[in-house]
Each structure stands twice: as structure tokens, then as C-alpha cells.
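Now for the letters of each chain:
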Amino acid sequence: MTQYWLMKSEPDEYGWDDLIAEKEGTWDGVKNAQASNNMKKMKVGDQVFFYHSRQGLEIVGIMEVSEEQFPDPFDDTGRWIAVKVKPVRKLNKAVPLKEMKQNPKLANLAIIRQTRLSVAPVTADEWEEILAMAA
DNA sequence: GCCAACGTTGGC
DNA sequence: GCCAACGTTGGC
């Protein structure tokens, strides 16, 4: 069964265009237990929304997991892991956080309930709802 | 740029 | 092992 996720990045640091340029990106530098646990559950083929935090505050595209957890190459402690992702497609219309907050069907969305969580699960229903908003 | 939320660290 | 201090994230 395909699982759905949402991952945040500041576009200044690493944005959608950077992922496109790289063709396959390494999602590293996640140093938060909850976010890391979510990354450990990811399987190849899982679908992931790419959200721009700080600047943009919107979901800009869809990517998919291309490699499951491996040790974060930039982490000296050995505690943290990374995954690899490939771009699937850019959304026709970016979906702003503001609109998601206004949508009652998305009231339980993990990133709304817990702002600072940078890697969060998305249910199949929420996934469909957000896709509909991007149409 | 500010500050609330929240995770981590370190002194006791 | 507790909890105050500190650091980081991310919406505003």
C-alpha cells in the first residue's frame, strides 16, 4: 500500500527547483525524533508532498521515495537517517497553507496541528483533498 | 524580525 | 531524574 507524506524545506536552502535540477535528491539534515521516525517508515514508491516553509508556505509539487532509510551522510553522531526522493510532478497550482487551514476536511492535517514537524504523514483522504485543491 | 512551540542539554 | 536555560523551527 502506498503511503503518503509531506516534507518541508526552506526554498532558500533547498527548493523544488533544486530537486528538479538534481533529478534525485537526498533528504538529509533531519534532526528531530518524530520527523526521523516518519522517514524510517518510508518505502520506495511512497508519494510525498514538497512544502516550501518560511518562504512560500505552500505545497509546490509531488515527489516519490526512491531510496529507503540510510545513515545521514552529514551526521557525525550516527543517530540520524536520510532518504532519497525523485520529483514526480509540479502541482498545476501550489496549495497554500492558508487554504489548507480553511478546509475543514484538512483540520487534522499533521502540519496544521504541529507546525514545527518537518516530515509528517498525510492520510489517503487528505492526499486526495489536497490534489483536488491543486486542480 | 519576532516570538511561540517544542526539543535538547546540562547543572544539581 | 528533574527542570530551567537554551537553541531551532517556522508561521506571522
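Keep in mind that what you see is a predicted model, and the values were worked out from it rather than measured. (Residues numbered from 1 in each chain as written. Chains lettered and ligands numbered in written order. Predicted model: local features only at pLDDT ≥ 70, side-chain atom pairs only at ≥ 80, totals over all residues. Heavy atoms only, no water.)

Every buried residue of helix α5 (residues 124-133) is listed here: Glu 126, Trp 127, Glu 129, Ile 130 and Met 133. Buried residues in α5, looked at end-on, bunch into an arc of 165°, giving them a common side. Exposed and facing more than 90 degrees away from the buried side of α5 are Asp 125 and Ala 132. On the buried face of α5, the contacting elements are β1 (4-9), β3 (47-52), β4 (58-71), β5 (81-96), α3 (97-102) and β6 (119-122). (Buried < 20%, exposed > 50% of the residue type's maximum accessible area, 1.4 Å probe, protein only. Helix = DSSP H or I, 4+ residues; strand = E, 2+ residues; numbered from the N terminus. Arc of directions from axis to C-beta. Contact = heavy atoms within 4.5 Å.)

Together, Asp 17, Asp 18, Glu 22 and Glu 24 make up a negatively charged patch on the protein surface. Looking at the element boundaries, Glu 22 is found in helix α1 (residues 16-22). Residue Glu 22 is classed as partly exposed on the basis of its relative accessible area of 46%. (Patch = residues over 30% accessible without salt bridge, like charges linked within 9 Å, V, L, I, M, F, W, Y side chains within 5 Å. Areas by Shrake-Rupley, 256 points an atom, 1.4 Å probe, with all protein chains shown as cover. Salt bridge = Lys/Arg side-chain N within 4 Å of Asp/Glu carboxyl O. Lys, Arg positive; Asp, Glu negative; His and termini not counted. Charge placed at Lys NZ, Arg CZ, Asp CG, Glu CD.)

Before going further, it helps to spend a moment on the sheet that holds β1. If you trace the six strands from one edge of the open sheet to the other, you get β2-β5-β4-β3-β1-β6, paired in mixed fashion. Of all the strands in the sheet, the pair left with one neighbour each is β2 (25-27) and β6. When the angles between neighbouring strand axes are averaged without regard to direction, this sheet yields 40°. Sheet topology note: the β1/β3 ladder contains six bridges and is parallel. Counterpart to Ser 9 in the pairing with β3 is His 52. (Pairing = 2+ DSSP bridges. Axes fitted to C-alpha atoms, helices over the stretch in contact; angles between N-to-C directions.)

The full set of residues close to DNA strand C is Lys 8, Tyr 51, Ser 53, Arg 54, Leu 57, Leu 97, Lys 101, Thr 115, Arg 116 and Ser 118. Taking the atoms of DNA strand C that fall within 4 Å of the protein, sugar and phosphate contribute 59% of them. For DNA strand C, a base oxygen lies 2.7 Å from a polar atom in the side chain of Arg 116. Across the surface near DNA strand C, the residue classes break down as three nonpolar, three polar and four charged. (Near = heavy atom within 4 Å. Polar contact = N/O pair within 3.5 Å; in protein donor to acceptor, adjacent residues only side chain to side chain. Nonpolar A, V, L, I, M, F, W, Y, C, P; charged D, E, K, R; others polar.)

By the secondary structure assignment, Lys 98 is in helix α3. In this structure, the C-alpha to C-alpha distance between Lys 98 and Phe 49, residues 49 residues apart in sequence, is 16 Å.

A few words now on the UniProt feature "domain: EVE" (unreviewed entry) in chain A. UniProt's feature table lists "domain: EVE" (unreviewed entry) at residues 3-133, given in the numbering used throughout. As a span, residues 3-133 carries 27% helix and 37% strand, and end to end its C-alpha atoms are 20 Å apart. (UniProt positions renumbered as here; feature names shortened; annotations may be inferred.)

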